[in-house]
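# Architecture and fold: a report
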Amino acid sequence: MDRREIAVPGKIPVLDISCEVQALKPQIMSAIESVLDRGAFIMGQNVKDFEREVAEYLGVNYAVALNSGTDALVISLLACGIGEGDEVITTPFTFFATAEAISQVGAIPVFVDIDPDTYNMDTNLLESALTEKTKAIIPVHLFGQSADMDPIMELARLHHLIVVEDVAQAFGGEYKGRKVGTIGDMGCFSFFPSKNLGAYGDGGLVATNDPDLAEQAVMLRAHGSKKKYYNELIGFNSRLDEIQAAILRVKLPHIDEWNEGRHQAAARYRRLLGEFEGIILPVEEQYSSHVYHQYTIRVRNGKRDELQARLLEEGISTMIYYPLPVHQLPVYRSMNVSMPVAERLSIEVLSLPIWPQIEESTQQFIAETIRASLY
Ligand SMILES: *Cc1c(COP(=O)(O)O)cnc(C)c1O
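Residues numbered from 1 in each chain as written. Predicted model: local features only at pLDDT ≥ 70, side-chain atom pairs only at ≥ 80, totals over all residues. Heavy atoms only, no water.

Looking at an unreviewed UniProt entry, the chain carries the name DegT/DnrJ/EryC1/StrS family aminotransferase, with the source organism given as Paenibacillus lutimineralis.

Let us look at the UniProt feature "modified residue: N6-(pyridoxal phosphate)lysine" (unreviewed entry) in the chain. UniProt records the feature "modified residue: N6-(pyridoxal phosphate)lysine" (unreviewed entry) at Lys195, using the numbering of this structure. For Lys195, the position within the fold is in the loop between strand 8 (186-190) and strand 9 (204-208). Judged by its relative accessible area of 15%, Lys195 falls in the buried class. Once you skip the residues sitting within four places of it in the chain, Lys195 turns out to touch Ala168, Ser190 and His293. (UniProt positions renumbered as here; feature names shortened; annotations may be inferred. Helix = DSSP H or I, 4+ residues; strand = E, 2+ residues; numbered from the N terminus. Buried < 20%, exposed > 50% of the residue type's maximum accessible area, 1.4 Å probe, protein only. Contact = heavy atoms within 4.5 Å.)

Moving on to the pairing of strand 5 (residues 162-166). Along strand 5, four of the five residues are buried, which leaves the element largely enclosed by surrounding structure. Bridging between strand 4 (residues 134-138) and strand 5 involves two bridges; their strand directions are parallel. Bridge pairing links Ala136 to Ile162 in strand 5. In terms of handedness, the path from strand 4 via helix 6 (residues 149-159) over to strand 5 forms a crossover that is right-handed. (Pairing = 2+ DSSP bridges. Right-handed = clockwise from strand over helix to strand, strands pointing away.)

All right, on to the side chain of Glu51 then. Looking at the secondary structure, you find Glu51 in helix 2 (residues 45-58). Side chain to side chain, Glu51 and Arg221 meet in a polar contact 2.8 Å long. (Polar contact = N/O pair within 3.5 Å; in protein donor to acceptor, adjacent residues only side chain to side chain.)

Moving on, we come to the domain arrangement of the chain. Per the domain assignment, the segments of the chain are domain 1 (20-253) and domain 2 (255-374). Here the C-alpha centroids of domain 1 and domain 2 sit 25 Å apart. Between domain 1 and domain 2, the residue contacts involve 42 residues of the former and 37 residues of the latter. Interface area for domain 1 against domain 2, summed over the two sides, is near 3400 Å², with a carbon-plus-sulfur share of 62%. At the boundary of domain 1 with domain 2, the tally comes to zero salt bridges. For the pair domain 1 and domain 2, the interface holds 21 residue pairs in polar contact (both at pLDDT 80 or more). Within the residue set of the side of domain 1 that touches domain 2, elements represented by two or more residues are helix 1 (18-38), helix 4 (97-104), strand 3 (108-111) and strand 6 (174-175). Ranked by residues supplied to the side of domain 1 that touches domain 2, first place goes to helix 4 with three residues. For the side of domain 1 that touches domain 2, the residue count by class is 22 nonpolar, 11 polar and nine charged. (Domains from an automatic or database assignment. Buried area = accessible area lost by both parts, 1.4 Å probe. Salt bridge = Lys/Arg side-chain N within 4 Å of Asp/Glu carboxyl O. Nonpolar A, V, L, I, M, F, W, Y, C, P; charged D, E, K, R; others polar.)

With 15 residues, helix 12 (residues 360-374) should cover 21 Å at 1.5 Å per step; its first-to-last C-alpha distance of 21 Å lies within 8% of that length. Of the residues making up helix 12, those classed as buried are Thr362, Gln363, Phe365, Ile366, Ala367, Thr369, Ile370, Ser373 and Leu374. The inward-facing, buried residues of helix 12 contact helix 9 (255-273), strand 12 (279-280), strand 14 (295-299), helix 10 (304-313) and strand 15 (349-352). (Expected span 1.5 Å × (residues − 1).)

This part is about the packing of aromatic side chains. What the rule picks out here adds up to 13 aromatic pairs. When the ring of Phe111 is compared with that of Tyr332, the centres are 6.0 Å apart and the planes differ by 70 degrees; the resulting orientation is edge-to-face. Of this pair, Phe111 sits in strand 3 while Tyr332 sits in the loop between helix 10 and helix 11 (340-346), and the two are 221 residues apart along the sequence. A relative accessible area of 8% means that Phe111 is categorised as buried. (Phe/Tyr/Trp six-rings, centres within 6.5 Å; stacked < 30°, edge-to-face > 60°.)

Attention shifts here to the site of the ligand. Around the ligand, a shell composed of 16 residues is seen, among which Gly69, Thr70, Asp166, Ser190 and Lys195 lie nearest. Between the ligand and the protein, one listed contact pairs an oxygen atom with a side-chain N or O atom of Thr70 at 2.5 Å. Interatomic distance of 2.8 Å between a side-chain N/O atom of Asp166 and a nitrogen atom of the ligand. Relative to its unbound accessible surface of 380 Å², the ligand loses 93% to contact with the protein. In terms of residues, the shell around the ligand owes the most to one element, helix 3 (residues 69-79), which gives three residues. Among the residues forming the shell around the ligand, the class breakdown is six nonpolar, eight polar and two charged. (Near = heavy atom within 4 Å. Areas by Shrake-Rupley, 256 points an atom, 1.4 Å probe, with all protein chains shown as cover.)

Dropping the structure here:
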């Protein structure tokens, strides 16, 4: 897509990766070509180098590259010894995979409601969710903003709980100057193509400072073996593809610049939409360096769906993350729990187009259309 076309009504996607693809194509093609020339397609040099580079970037001792963010969550929980009958506290306002991973290992997801300003786990509710079976907490850094980690870590220390961070939407984000994904016992990243650091296929990674947890993850990703044909555990086939690692290594050096581009785009939205009372803009907390994986507003007075339809008529795509909180999905509905804030937000939220190179004129048109639609 021609970049100039983006500002033309009729074609504003919710995410446009074509700018990035165009800019990096020569480097990406040569990275892929060198994988083909070397002929090592599984656990080659690029995977090892990518792990080292991510560990360095995050400031963490170990990074273990995996097949997906979902596998990163499952493997982390297993590495930490979470299993049958254990309870794991998490947020109902997340992508399904967070809870699915808990169920996948035989544990029970226990949801706590969210803070309406940050869309993240309301840490005031954590204590009341504890039982004798509680073994872990999975905070999600939703839409690119860190969860409030201090109270989570404090409670975890007090009750000897594991903390597994779901960082699928927040690569490079920070909490009080520390990279998210390095604060809990393990951090789980996703390189799904639409994430703020995305591969051109599936990918994921776990980060940890604990050598034993790293070793467990290394074994679990390769059929439970450290040594080939000497299997010590029941594991998975969950390796990051060598070609994806090569692509990610081209992209990693740009992540700060891209996150900064998203941050600036968010500041422009704030300026363009700021004083408009039909909507509530996302709040950026002091403790967090937000990477705006999504720019998610709340639309008041039951007008969200109408606004989304109007924007689409003008060619502006938006997304609803998430139309149903996880506890209301068919698979968990029988739990019969109520999470009033998450339920209310699921009918108010609307994620606007955002990507690092989005142009001001595009955002201006989006903001004007929103104002005109809600007037
Ligand atoms: C995308 C995502 C995942 C899953 O990552 P995959 O790589 O798609 O498996 C998990 N949690 C959250 C919050 C996500 O956004």
